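Coordinate analysis (summary)
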Amino acid sequence: MCVPQLHLTCGISNSRADMSGSSSSKLNVAVIGATGNLGPSIVKAFLNLRPEAISRVIVLTRNPKSENAKALEMLGAEMVQINGPSMQGVDVLVNALGTGVPMDEKDALFKEAAASGVKVYFPSEYGVDHRYGPQNHVWFNEKERHSSAARNEAPGQLKVIKLYIGMFTEIIFSPFFGLDNKSGVYTSLGLGTSDKKVAITSTADIGAAIARLSTLAVADPQSVPDDVRISGDNKSWNELADIVGRATGKTIKVVEEPVEGADDKDGEDLPALARLLRLNFARGAVDFSKDNDNELVNPGQKYWTWKTTEVYARDVLAKQ
């Protein structure tokens, strides 16, 4: 069994920070999984807060010489190879490891974080809020177990923040979720469901939210809920068809597909995950429009402008 132990060889100080700007000290942040789909956006968001709020942005990696790692280093992040037993001096640990990483390796992260005095830990959530709706899939079950174990590791010392974002803007436009731009057909699972809204958030907005929540939680852990919901946008299949159609000049047809078979059976594979997610879309369980923490994270869009699906369709989908 391969369990990573983390050793930061670069002598990180033990300063703590009030990220509102009222403290003279600044945060040290470590990100693991920084070279994946979401990780670069998280690292860049923290780098954007330097030098006022952030002292060091550290990428924990097994391969600091990879092209993705080098790209982040060029932006100002520090590469630290995983090779030993300490995270002393780190204030915030962000876990952006993918689902393919064994859970015992992820568990080792919060254990080392708690032992080293880390103040805030973000487990690798960043998806639908699986506290609601049918979520009988091994991925969600393991995420819940991991977060619960992390909270029990050092209660009162290690603040564990689960961030739910709905669906990634950059991923949702896929036949896997029923949105097939190539064929021009958007399929909603269940009759009468194509008007149900789904929370959709860009990776840039997720990164910015994590950075902002880190500043708030280190300054005052009670100011941030244990479970946070954000949504850069909330749109139904009908609305998405209209948005993409106008941006691309194509006609997008919306189809409602009847649900066949049991809708609450357990699953472990990707087809089961796709079905489960689409059932939750259809039931409105991924609609964050009336229940989110956007104003806590980014009041009045003071810190950044949420990226809408209209902007993504115009800037990305229309050019494909």
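In the block above lies the structure referred to throughout.
Let us look at the structure shown here.

**What to know about the overall build of the protein chain**
- The secondary structure content of the protein chain amounts to 10 helices and 14 strands.
- Counting over 320 residues, the protein chain shows a buried share of 54%.
- For the protein chain, contacts bridging at least 24 residues in sequence account for 80% of all contacts bridging at least 6.
- When the accessible surface of the protein chain is summed, it comes to about 14000 Å², and 49% of that surface belongs to carbon and sulfur atoms.

**Structural notes on the environment of Val-244**
- Among the structural elements, Val-244 can be located in helix H7 (residues 237–248).
- Since its relative accessible area comes to 1%, Val-244 is described here as buried.
- Those residues within four positions of Val-244 in sequence are excluded, and the remaining contacts are Phe-173, Asn-181, Tyr-186, Gly-249, Ile-252, Ala-313 and Leu-317.

**With respect to the sheet that holds strand E1 (residues 27–32)**
- Sheet architecture is open: six strands sit in the order E3-E2-E1-E4-E5-E6, paired in parallel fashion. At either margin of the open sheet sits one strand with a lone partner, and together these are strand E3 (78–81) and strand E6 (159–160).
- In terms of strand pairing, E1 meets strand E4 (residues 92–95) through four bridges, oriented parallel. Of the residues in E4, the one forming a bridge with Ile-32 is Asn-95.

**So, the sheet that holds strand E14 (residues 253–257)**
- Strand order in the open sheet formed by three strands is E9-E10-E14, with mixed pairing between adjacent strands. The sheet is open, and its two edges are formed by strand E9 (179–180) and E14, each paired on a single side.
- Against the sheet, H7 contacts E9, strand E10 (185–189) and E14, and its axis sits at roughly 170 degrees relative to E10.

**A few points about the nonpolar core**
- Counting residues in each nonpolar core, the largest one holds 43 residues, and the members touching the most others are Val-43, Phe-46, Val-94, Phe-122, Tyr-126, Leu-163 and Ile-210.
- Excluding anything up to four places from it in sequence, Tyr-126 contacts Leu-38, Val-94, Asn-95, Ala-96, Leu-163, Ile-165, Phe-168, Ile-206 and Ile-210.
- With 24 residues, the next largest nonpolar core counts Tyr-186, Ile-200, Ala-241 and Leu-317 among its residues.

**Observations regarding helix H3 (residues 103–116)**
- For H3, which comprises 14 residues, the first-to-last C-alpha distance of 20 Å matches the rise-based estimate of 20 Å (1.5 Å per residue) to within 8%.
- Those residues of H3 lying buried are Met-103, Glu-105, Lys-106, Asp-107, Ala-108, Leu-109, Phe-110, Glu-112, Ala-113, Ala-114 and Ser-116.
- Here the buried face of H3 lies against E1, E4, strand E5 (120–122) and helix H4 (138–153).

**Considering the environment of Pro-221**
- Considering the arrangement of structural elements, one finds Pro-221 in the loop between helix H6 (203–219) and strand E12 (227–229).
- Taking C-alpha positions, Pro-221 is 9.6 Å from Val-160, a pair spaced 61 residues apart along the chain.

**Things to note about the pattern of salt bridges**
- For the coordinates displayed, the defined rule picks out 16 salt bridges.
- When the shortest N-O distance is used, the salt bridge between Arg-131 and Asp-129 registers 2.7 Å.
- Judged by relative accessible area, which is 39%, Arg-131 ranks as partly exposed.
- Assessed through its relative accessible area of 1%, Asp-129 is described here as buried.
- Between Asp-233 and Lys-235 there is a salt bridge, with its nearest N and O atoms 2.8 Å apart.
- When salt bridges with common partners are traced through the structure, they connect Asp-129, Arg-131, Arg-151, Asp-227, Arg-229 and Asp-291 into a single cluster.

**Brief notes about the pairing of strand E11 (residues 197–201)**
- Among the five residues of E11, four are classified as buried, and the element is accordingly described as predominantly covered.
- Sheet topology note: the strand E8 (residues 167–168)/E11 ladder contains two bridges and is parallel. The partner of Met-167 across the bridge, within E11, is Ile-200.
- As paired strands, E11 and strand E13 (residues 233–236) are joined by four bridges and run antiparallel to one another. Within the sheet, the bridge partner assigned to Ala-199 lies in E13 and is Asn-234.

**A word on the packing of H3 against H4**
- Running from N to C, H3 and H4 point in directions that differ by 20 degrees, and their axes come no closer than 9 Å. Comparing their axes, H4 and H3 come out roughly parallel. In this structure, the crossing between H3 and H4 has a hand that is right-handed. Counted together, Met-103, Lys-106, Asp-107, Phe-110, Lys-111 and Ala-114 of H3 and Glu-142, Arg-145, His-146, Ala-149, Ala-150 and Glu-153 of H4 form the full contact between these two elements.
- Within the contact of H3 with H4, the residues separate by chemical class into five nonpolar, one polar and six charged.

**Details of the packing of aromatic side chains**
- Within this structure, the stated rule accounts for five aromatic pairs.
- Between Phe-173 and Tyr-312 the ring centres are 6.0 Å apart and the planes differ by 15 degrees, which places this aromatic pair in the stacked class. Of the two residues, Phe-173 is situated in the loop between helix H5 (169–172) and E9 and Tyr-312 in helix H10 (residues 309–315); the sequence distance between them amounts to 139 residues. Note on accessibility: Phe-173 and Tyr-312 belong to one class, buried.
- With a centroid separation of 6.4 Å and an interplanar angle of 55 degrees, the aromatic rings of Phe-177 and Phe-281 are classed as tilted. Taken as a pair, Phe-177 in the loop between H5 and E9 and Phe-281 in helix H8 (residues 270–282) lie far apart in primary sequence, 104 residues in all.
- Among the aromatic residues, those joined into a ring-pair cluster are Phe-176, Phe-177, Trp-237 and Phe-281.

Definitions and limits used
Residues numbered from 1 in each chain as written. Predicted model: local features only at pLDDT ≥ 70, side-chain atom pairs only at ≥ 80, totals over all residues. Heavy atoms only, no water. Helix = DSSP H or I, 4+ residues; strand = E, 2+ residues; numbered from the N terminus. Buried < 20%, exposed > 50% of the residue type's maximum accessible area, 1.4 Å probe, protein only. Contact = heavy atoms within 4.5 Å. Areas by Shrake-Rupley, 256 points an atom, 1.4 Å probe, with all protein chains shown as cover. Pairing = 2+ DSSP bridges. Axes fitted to C-alpha atoms, helices over the stretch in contact; angles between N-to-C directions. Core = buried A, V, L, I, M, F, W, Y, C linked by side-chain atoms within 4.5 Å. Expected span 1.5 Å × (residues − 1). Salt bridge = Lys/Arg side-chain N within 4 Å of Asp/Glu carboxyl O. Parallel < 35°, antiparallel > 145°, perpendicular 65-115°, else oblique. Left-handed = near helix turned anticlockwise from the far one by under 90°. Nonpolar A, V, L, I, M, F, W, Y, C, P; charged D, E, K, R; others polar. Phe/Tyr/Trp six-rings, centres within 6.5 Å; stacked < 30°, edge-to-face > 60°.

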